[in-house]
Amino acid sequence: MPELTARDFRTMRFLLSAPKLSALPAADRCEIAFAGRSNAGKSSALNALCEQGNLARTSKTPGRTQAINFFENERLRFADLPGYGFARVPPAIKAEWGALIEGYLAKRETLSGVVLIMDARRPLLDFDRQLIEWGAAYGLSFHLVLTKADKLSRNDQHNILRRTRAAVDGATAQLFSSSKRIGIDEARTAISALVPEPDDEPGETAD
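Note that the coordinates shown come from a computational prediction; the quantities given were computed from them, not determined experimentally.

## A word on the overall build of the protein chain
Stage number 1. Counting its secondary structure elements, the protein chain contains 6 helices and 7 strands.
Stage number 2. Out of the 207 residues in the protein chain, the part that is buried amounts to 52%.
Stage number 3. Counting contacts in the protein chain only where the partners sit at least 6 residues apart, residues at least 24 apart contribute 76% of the total.

## Let's talk about the packing of helix H3 (residues 91-107) against helix H4 (residues 126-137)
Stage number 1. Running from amino to carboxyl end, H3 crosses H4 at an angle of 30°, the nearest separation of the two axes being 9 Å. If you check the angle between H3 and H4, you find them roughly parallel. Here H3 runs over H4; the crossing is right-handed. Residues Gly-98, Ile-101, Glu-102 and Leu-105 of H3 pack against Leu-131, Trp-134 and Gly-135 of H4.

Parameters at a glance
The written sequence of each chain sets the order in which its residues are numbered from 1. pLDDT decides what is reported in this predicted model: residues at 70 or higher carry local features, side-chain atom pairs at 80 or more are listed and counted, and totals for whole chains, interfaces and linings draw on all residues regardless. Here the side-chain values reflect all heavy atoms present in the structure, with hydrogen atoms and water set aside. Helix and strand definitions follow DSSP, with helices as H or I runs of at least four residues and strands as E runs of at least two, each counted in order from the N terminus. Type-normalised accessible area, obtained with a 1.4 Å probe on protein chains alone, sets the label of each residue: buried when under 20%, exposed when over 50%, and partly exposed for intermediate values. Throughout, a residue-residue contact means that at least one pair of heavy atoms, one from each residue, lies within 4.5 Å. Each axis is a line fitted through C-alpha atoms, and for a helix only the stretch in contact is used; angles between axes span 0 to 180 degrees, taken between their N-to-C directions. In what follows, roughly perpendicular refers to angles from 65 to 115 degrees, roughly parallel to angles under 35, roughly antiparallel to angles over 145, and oblique to any angle outside these ranges. Each crossing gets its hand from how the near helix is turned against the far one by less than a right angle, where anticlockwise is left-handed and clockwise is right-handed.

Put into structure tokens, the structure is as follows:
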């Protein structure tokens, strides 16, 4: 697939919401997953990348999303995974979300990479690391997006980014701010790099 353009993000539209693996859409195109803690700014980051204020619904109540929400255009699909780690969510629901997320990462043949959204002030918490371990076990590539970077000093930004890159071998990482529009072009380029070349599309096998 040729490198993604701004239009590829702007033309994303909501497809469906899948509360369980059996409700996933047909695996008919490359998918990029977006994951992150419930209060890390995942929906705001998706909206900023796609230049659409309400594509991914934001909520003042973290943990509201309880399914995988899919967005697509004619070339590509984004999968917005349920936010995790919010303390007020009952343990049984957390367990269901964990099974849904891991099952999707393990079994989705058209999934080619994961964009992990983390608050730059609190990166790589326990479930972030667990998600990276799950994904790595299934051969997935990661791009780490450190949101709310505008709330840090320049020096802190530099140090956090350096430590995050050093902590996760093989993943790319960047600073990002939805409100200040920091890092949007960089993120789009990194997401484009997660998309395989036409001869190496997810789900294809050699003759």
